[in-house]
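Descriptive structure summary
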Amino acid sequence: MREIKYSDNLNSQIYQDDLMIRKKVFVEEQNVPSSLEVDEMENSCTYATLYIDSKPAGTARYFPTEDNGVHVQRVAVLKEFRNQGLASFLLKDIFRKAKKDYQYIILGAQDQAQEFYKKLGFHVVSDQYLDAGILHHDMRLDL
């Protein structure tokens, strides 16, 4: 069973599961320094964690922008749950929630994930840049 839980409480199990997924995907797999993974935005975000049969499988965090958008970050799915459409499922639920109050979604996509985001309707809106040693482009989806 797929279930998405949301929280903005850093003491919640949802946030702890989010951190566990991010550590495995970004720090261990992609060699992002842990000092960069947990940042000054932690207190400003809502965390969406996807559970499969009550096990944490994927996550993303987001926060409102100053111009009526939503900035999505830290999209990750654990290796054993990949290639099942879970990141799309999670993101589409965030889009559904955001559409009620916001005009667009923006995110910094790793270049290797650009095609995935394009299939969801995003388009590139920035020049290439390096973030945590990984090449990225900003991408936007109008809601």
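Right, let's walk through the structure included here. This is a predicted model, so every value here is computed, not measured.

**Description of unusual backbone geometry**
- One non-glycine residue, N31, lies in positive phi territory at about 60°.
- If you trace the backbone, N31 turns up in the loop between α1 (13–29) and α2 (34–37).
- Of note in the backbone geometry, D53 takes a positive phi value of approximately 50° without being a glycine.
- With respect to the helices, strands and loops of the structure, D53 is situated in the loop between β2 (46–52) and β3 (55–64).
- The exposure class assigned to D53 is exposed, which follows from its relative accessible area of 52%.

**A look at the nonpolar core**
- Within the largest apolar cluster, 34 residues are counted, with the highest numbers of intra-cluster contacts made by V72, I94, I105, Y117 and F122.
- For this core, the secondary structure elements donating two or more residues are α1, β2, β3, β4 (69–77), α3 (86–99), β5 (104–110) and β8 (134–142).
- Per-element tally for this core: the top contributor is α3, with seven residues.
- In this structure, I94 is in contact with Y6, A48, A60, Y62 and V72, ignoring residues within four places of it in sequence.

**Considering the packing of aromatic side chains**
- Scanning the entire structure with this criterion turns up five aromatic pairs.
- Between the aromatic rings of F116 and Y117, the centroid separation amounts to 4.9 Å while the plane-to-plane angle is 70°, which identifies the pairing as edge-to-face.
- Taking relative accessible area as the criterion, F116 reaches 28% and is therefore assigned partly exposed.
- Here Y117 and F122 contribute two aromatic rings whose centre-to-centre distance is 5.6 Å and whose plane-to-plane angle is 80°, an arrangement assigned as edge-to-face. Assigned by exposure class, Y117 and F122 land together as buried.
- Taken together, F95, F116, Y117 and F122 form an aromatic cluster joined through their ring pairs.
- Over the ring of Y104 we find R140; its NZ or CZ atom is 3.9 Å from the centre of that ring.

Reading guide: rules and limits
- Residues numbered from 1 in each chain as written.
- Predicted model: local features only at pLDDT ≥ 70, side-chain atom pairs only at ≥ 80, totals over all residues.
- Heavy atoms only, no water.
- Helix = DSSP H or I, 4+ residues; strand = E, 2+ residues; numbered from the N terminus.
- Buried < 20%, exposed > 50% of the residue type's maximum accessible area, 1.4 Å probe, protein only.
- Core = buried A, V, L, I, M, F, W, Y, C linked by side-chain atoms within 4.5 Å.
- Contact = heavy atoms within 4.5 Å.
- Phe/Tyr/Trp six-rings, centres within 6.5 Å; stacked < 30°, edge-to-face > 60°.
- Lys NZ or Arg CZ within 6 Å of the ring centre and 35° of its normal.

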